[in-house]
Amino acid sequence: MSNRIVAASATVAAPAEDIFELIADPSQQPRWDGNDNLDHADQGQRVRAVGDVFVMTNANGKVRENHIVAFEEGRCIAWQPAPAGEPVPGHVWRWDLEPNDDGTTLVTHTYDWSALTDESRLAKAASMTSEKLQASVDRLSALAGQ
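Residues numbered from 1 in each chain as written. Predicted model: local features only at pLDDT ≥ 70, side-chain atom pairs only at ≥ 80, totals over all residues. Heavy atoms only, no water.

Colleague: Help me understand the nonpolar core, please; the structure alone is not making it clear to me.
Modeller: Generally speaking, soluble globular proteins have nonpolar side chains that are buried together. Ranked by size, the top nonpolar core spans 35 residues in total, and within it Ile 19, Ile 23, Ile 77 and Trp 95 carry the most contacts. Contact partners of Ile 19, with chain neighbours within four places excluded, come to Val 12, Ala 14, Leu 97, Thr 105, Val 107, Leu 140 and Ala 144. (Core = buried A, V, L, I, M, F, W, Y, C linked by side-chain atoms within 4.5 Å. Buried < 20%, exposed > 50% of the residue type's maximum accessible area, 1.4 Å probe, protein only. Contact = heavy atoms within 4.5 Å.)

Rendered as structure tokens:
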């Protein structure tokens, strides 16, 4: 199953709190999405706890409900996307932030599809590479460093 978990990391020249705001506010996510998969999310959906759900419209026009499954303010956020009104199919997007003493932050972005069983989603999940995740980390780094 290890090939069903991909990750990318980088040290970002910004405080963890600033980076986290760009991730925890869904309306900001299309700005740093390295997959160019996200179109928009309405303002006012800032994530604050496990159990929160934010709604995102993808570039293909499909609406996704994103169920927060891990949350620690300024440090960790993870969600399971699902088509609106449907159960989660079993994949997880996760961000972990580790502040460094010098004001930088180690940022790790992970895509885990080890619990995904929906045959129709497997090919797309398998196409997710660490390079694609790194593109999101790099865009996030550029935004946070402004």
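Colleague: Would you mind showing me how to read the sheet that holds strand E3 (residues 53-58) here?
Modeller: Paired through backbone hydrogen bonds, the strands of a sheet run either parallel or antiparallel to each other. Strand order in the open sheet formed by 7 strands is E1-E7-E6-E5-E4-E3-E2, and the pairing between neighbours is antiparallel. Each of the sheet's edge strands pairs with one partner strand only, and the pair in question is strand E1 (5-12) and strand E2 (38-40). With direction set aside, neighbouring strand axes in the sheet form an average angle of 30°. With 5 bridges connecting them, E3 and strand E4 (residues 63-72) associate as antiparallel partners. In the strand pairing of E4, Phe 54 is matched with Asn 66. Lying over the sheet, helix H4 (residues 130-144) contacts E1, strand E6 (92-99) and strand E7 (105-112), oriented at roughly 25° with respect to E1. (Pairing = 2+ DSSP bridges. Helix = DSSP H or I, 4+ residues; strand = E, 2+ residues; numbered from the N terminus. Axes fitted to C-alpha atoms, helices over the stretch in contact; angles between N-to-C directions.)

Colleague: Looking at this structure, I do not really get unusual backbone geometry. What am I missing?
Modeller: Most peptide bonds adopt trans geometry, and most residues besides glycine take a negative phi value. Phi is positive for Asp 36, close to 50°, though the residue is something other than glycine. Note on placement: Asp 36 falls in the loop between helix H2 (29-32) and E2. When its relative accessible area of 54% is taken as the criterion, Asp 36 is described as exposed.

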